[in-house]
Amino acid sequence: MEKLIITVACTGAMTTKENTPYLPTQPEEIAEEVLMAYQAGAVIAHVHVRTVDHKATMALDRFEKTVGLIREKCPDIIINMTSSGGLGFGDEERILPHTVLKPEMGTFDAGTMNFYRGVFTNSPEFLEKLGKAYIENGIKPEVEIFDSGMVWNAKRLLKDGFLQAPIHWQCCMHVHGGMEGTARNLVHLVDSLPEGSTWSAFGCGPTANLIMAMAINMGGHVRVGMEDNVYLSKGVLAKHNYEFVEKVQRLAAEFGRPVANVAEARQILGLPPRN
Ligand code: ZN
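A few points on the structure. (Residues numbered from 1 in each chain as written. Predicted model: local features only at pLDDT ≥ 70, side-chain atom pairs only at ≥ 80, totals over all residues. Heavy atoms only, no water.)

Thoughts on the pattern of salt bridges
Right, so step 1: Per the stated rule, a full pass over the model turns up 14 salt bridges.
Right, so step 2: Between Glu264 and Lys3 there is a salt bridge, and its shortest N-O distance comes to 2.9 Å. Here Glu264, found in helix α9 (residues 262–269), pairs with Lys3, found in the segment before β1 (6–9); they are 261 residues apart in sequence, far enough to count as distant.
Right, so step 3: A relative accessible area of 32% means that Lys3 is categorised as partly exposed.
Right, so step 4: Across the pair Arg223 and Asp228 runs a salt bridge whose closest N-O atoms are separated by 2.8 Å.
Right, so step 5: The buried category is assigned to Arg223, whose relative accessible area is 5%.
Right, so step 6: Under the relative-accessibility criterion, Asp228 is labelled buried at 9%.
Right, so step 7: What you see here is one network of salt bridges that share partners, running through Glu144, Arg223, Glu227 and Asp228. (Salt bridge = Lys/Arg side-chain N within 4 Å of Asp/Glu carboxyl O. Helix = DSSP H or I, 4+ residues; strand = E, 2+ residues; numbered from the N terminus. Buried < 20%, exposed > 50% of the residue type's maximum accessible area, 1.4 Å probe, protein only.)

Take a look at the structure:
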């Protein structure tokens, strides 16, 4: 098996201060959380930003500030910026931070779905525009799949030239409206990915440990952090995102799966080294 790539998703769009008072929302807080997670072994920072009053936003200046601070603290970490930012943002504002800041990776949500009480819109037109913008700006998409139909949809976009092989996938499990975070569902999703793909997975909330353990043992990679799950164990809130990274390290050591450093992760994902 390849070495294990750990992504940290510190903030997300949906987690609130009511869910956990420890959620980092401001640029300095997010950068500090990424630094601690990086020191614990995370090599990709999946970045969302919030307004000063903690609301989800796709504002370019918030990305500029946050990504700038992360780069200062962790010069070689792989930056993976969201292209959704939450629900209901317009196509152009979802794409703009990517074409300006050119992160190494960006999310690519491969279909429209219900998302708890909201609707997560990713129209064919939007996905084609986003795919084209990523190709033109040298950004590697992380194709997020919440449901098996999204794999098929991404295969169509690959065939039509809006995505390029080999694809890196993120299996996003247990969001209401998408696939439940079960063992069978993860196996089914992974079985449907094209040959040569790399993939990562996470399960939201109570399915986090199951999906993490499976991904480590199936040769996938893992994503952890307060975007997806705020509990370190039943009823115990994580105070920092690095605590989840440490948990992955413990499991990976127990299962005998070596963990990738940044240079190794870049090689696995086909990303150039960063000077
Ligand atoms: Zn996200």
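There's more to say after this.
Comments concerning the coordination of the zinc ion
Right, so step 1: At 2.0 to 2.1 Å from the zinc ion lie its protein donor atoms, namely His46 (NE2), His48 (NE2) and Glu227 (OE).
Right, so step 2: Judged by its relative accessible area of 4%, His48 falls in the buried class.
Right, so step 3: Judged by its relative accessible area of 17%, Glu227 is buried. (Donors = N, O, S within 2.8 Å, 3.2 Å for Na, K, Ca; no water.)

Some words on the sheet that holds strand β5 (residues 78–81)
Right, so step 1: Strand order around the closed barrel formed by eight strands is β1-β2-β5-β6-β9-β10-β11-β12, with parallel pairing between neighbours. This sheet shows a mean twist of 25° between the axes of neighbouring strands, independent of strand direction.
Right, so step 2: Relative to strand β9 (residues 140–145), strand β6 (residues 105–109) runs parallel, the two sharing five bridges. Along β9, the bridge assignment pairs Met105 with Lys140.
Right, so step 3: Lying over the sheet, helix α5 (residues 148–159) contacts β6, β9 and β10 (168–173), oriented at roughly 150° with respect to β9. (Pairing = 2+ DSSP bridges. Axes fitted to C-alpha atoms, helices over the stretch in contact; angles between N-to-C directions. Contact = heavy atoms within 4.5 Å.)

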